[in-house]
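# Structural description and commentary
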Amino acid sequence: MERLKKRVQHLKEKRPGYGEVLDFYQKVREVQDSAKSSLKIDPIRPKKEWKDLLAKEGFSLLQKQDFPLDIEASFTLFQTLCQIGKDANPHMAEQARKIEEVLNSKRFDLKELFKKGIEEQRIEQMADEFGLDKRIFLFLIEESTRPSVELGMEQLRTEVDPETWHKSNCPICGSLPFLSLLREEVGKRYLLCSFCGYQWRIDRLICPFCNNKEQDSLQYLYAEGEEAYRIDLCERCHQYIKTIDLRILEESDPCLEDLATLHLDILASRKDYKRPVPNPWTT
Ligand SMILES: [Zn+2]
Ligand SMILES: [Zn+2]
């Protein structure tokens, strides 16, 4: 946490325009971090057939809704995040107040929602039903359950070899990657799961979204003086992934670095490239 705070401070000095969103990020990570120490989830016991399906068919070990959650801790965290949200940007603040009203009116049972697991469609339906901004509601649900999800991922980590998976989807939960990371001297490339945080190895030159390997149609985009960040564009599917070079940034928090380089996403979007998994913090 101390390292994260220092990095946030540094980024704020370097890019003052990001101040508000970085403050919000730090506050959320602080409460998530303190929730971790007392977290309790049902242990996940991987069955042999899960592993067979993973090896033979490439099916992920779990689906999003199968992750066991600490219902009480997620509920408390959700309430805390709404409090923090009220001091964030005006749209977030308005939504956080609206969500609190719905919760207090007892018109829907958040714990019941957590019990059924994280299912995007159902969460979006609820948002519609109560006239809430879907992206913000989903963001708050996902961030309040993130400590449980990451704990579940930790339990399954040893079931997969991250060096040999080499596919586009996460072997633990099946989600698409959020970022790509370069590490070690030789610059091994890893993908970072957008849902559970698992990391696995992938080829240096490949588009993780359409598996294009033709070098001529894989391009990079840099901002001057920011060699630690790169946008990997694919001309075939017209999508991109951001790459963070952890050889330069060492053990930095990739999600934070992504958030502090939204100018690169704007650059890519001006060239009409799409990001399949956007950063949820930008809502
Ligand atoms: Zn995953
Ligand atoms: Zn592609």
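Note: the structure precedes this text.
Reading the values: rules and limits
Residues numbered from 1 in each chain as written. Chains lettered and ligands numbered in written order. Predicted model: local features only at pLDDT ≥ 70, side-chain atom pairs only at ≥ 80, totals over all residues. Heavy atoms only, no water. Salt bridge = Lys/Arg side-chain N within 4 Å of Asp/Glu carboxyl O. Buried < 20%, exposed > 50% of the residue type's maximum accessible area, 1.4 Å probe, protein only. Donors = N, O, S within 2.8 Å, 3.2 Å for Na, K, Ca; no water. Tetrahedral: all angles 85-135°; square planar, octahedral: opposite > 155°, others 65-115°. Helix = DSSP H or I, 4+ residues; strand = E, 2+ residues; numbered from the N terminus. 1 Å grid on protein atoms, 1.4 Å probe; cavity = no way out; pocket = protein on both sides within 12 Å on 5 of 7 lines; lining within 4 Å. Points joined across faces, edges and corners; volume = space filled by probe spheres on them. Nonpolar A, V, L, I, M, F, W, Y, C, P; charged D, E, K, R; others polar. Pairing = 2+ DSSP bridges. Axes fitted to C-alpha atoms, helices over the stretch in contact; angles between N-to-C directions. Arc of directions from axis to C-beta. Contact = heavy atoms within 4.5 Å. Core = buried A, V, L, I, M, F, W, Y, C linked by side-chain atoms within 4.5 Å. Phe/Tyr/Trp six-rings, centres within 6.5 Å; stacked < 30°, edge-to-face > 60°. Lys NZ or Arg CZ within 6 Å of the ring centre and 35° of its normal.

Take the pattern of salt bridges next. Applying the stated rule across the entire model yields 28 salt bridges. Among the salt bridges present, the one from Arg230 reaches Asp232, with a minimum N-O distance of 2.7 Å. With respect to class, Arg230 is no different from Asp232; both count as buried. The structure contains a network of salt bridges with shared partners spanning Glu163, Glu184, Lys188 and Arg201.

Looking now at the coordination of the zinc ion (ligand 1). In this structure, Cys170 (SG), Cys173 (SG), Cys193 (SG) and Cys196 (SG) serve as the protein donors to the zinc ion (ligand 1), at separations of 2.2 to 2.4 Å. Around the zinc ion (ligand 1), the four donor atoms are arranged such that angles at the metal cover 97 to 119 degrees; this shape is classified as tetrahedral. Between consecutive donor residues of the zinc ion (ligand 1), the sequence gaps follow C-x2-C-x19-C-x2-C. Of the two residues, Cys170 sits in the loop between helix H8 (134-156) and strand E1 (177-183) while Cys196 sits in the loop between strand E2 (188-193) and strand E3 (199-202), which places them 26 residues apart along the sequence. What makes Cys170 buried here is its relative accessible area of 1%. What makes Cys196 buried here is its relative accessible area of 0%.

Binding of the zinc ion (ligand 2) to the protein goes through Cys207 (SG), Cys210 (SG), Cys234 (SG) and Cys237 (SG), at separations of 2.3 to 2.4 Å. One can describe the donor arrangement at the zinc ion (ligand 2) as tetrahedral, given that its four donor atoms subtend angles of 104 to 114 degrees at the metal.

Going through the model one piece at a time under the given rule, you end up with two cavities of 30 Å³ or more. Roughly 110 Å³ of volume is contained in the largest cavity. Surrounding the largest cavity, 17 residues form its lining, Arg189, Ile206, Leu218, Asp232 and Leu233 being those nearest its centre. Secondary structure elements with two or more residues in the lining of the largest cavity: strand E4 (218-221), strand E5 (229-234) and strand E6 (239-245). If you tally residues by element for the lining of the largest cavity, the top one is E5, at four residues. Its residues assigned to classes, the lining of the largest cavity shows 11 nonpolar, two polar and four charged. The computed volume of the second largest cavity comes to approximately 30 Å³. Considering the residues around the second largest cavity, the lining is formed by Ile118, Glu142, Thr145, Arg146, Val149 and Phe195. Grouping the constituent residues of the lining of the second largest cavity by class yields three nonpolar, one polar and two charged.

Turning our eyes to something else, we now look at the sheet that holds E1. Within a sheet, adjacent strands bond to each other through the backbone by hydrogen bonds, running parallel or antiparallel. On the basis of which strands lie adjacent, the open sheet formed by six strands has the order E3-E2-E1-E6-E5-E4 and mixed pairing. Looking along the sheet, the strands with just one partner apiece sit at the ends: E3 and E4. Here the average twist between neighbouring strands, direction ignored, is 30 degrees. Pairing of E2 with E3 involves four bridges; the strand directions are antiparallel. Its bridge partner being in E3, Tyr190 is matched across the sheet by Arg201.

Here the focus is helix H11 (residues 262-270). Of all the residues in H11, the buried ones are Leu264, Asp265 and Ala268. The arc enclosing the buried residues of H11, seen along the axis, measures out at 100 degrees, which places them on a common side. Buried residues in H11 make contact with E4, E5, E6 and helix H10 (254-259). Looking one or two residues beyond H11, the residue adopting positive phi is Asp272, at roughly 75 degrees.

Turning to the nonpolar core, a few remarks are in order. Of all hydrophobic cores here, the largest spans 89 residues; its most connected members are Phe78, Phe137, Ile172 and Cys196. Filtering out sequence-adjacent residues up to four positions away, Phe137 remains in contact with Phe78, Ile99, Phe108, Ile123, Met126, Ala127 and Leu132.

Another aspect to go through is the packing of aromatic side chains. Overall, the coordinates contain nine aromatic pairs when judged by the stated rule. Taken together, a centroid distance of 5.4 Å and an interplanar angle of 75 degrees make the contact between Phe67 and Phe195 edge-to-face. Residue Phe67 is found in the loop between helix H3 (48-57) and helix H4 (71-85), and its partner Phe195 is found in the loop between E2 and E3; the two are separated by 128 residues along the sequence. Ring-pair connections join several aromatic residues into one group, and the members of that group are Phe24, Tyr25, Phe139 and Trp281. Above the ring of Trp165, the side-chain terminus of Lys167 is found at 4.5 Å from the ring centroid. One residue, Arg183, lies across the ring of Tyr190, its end atom 5.4 Å from the ring centre.

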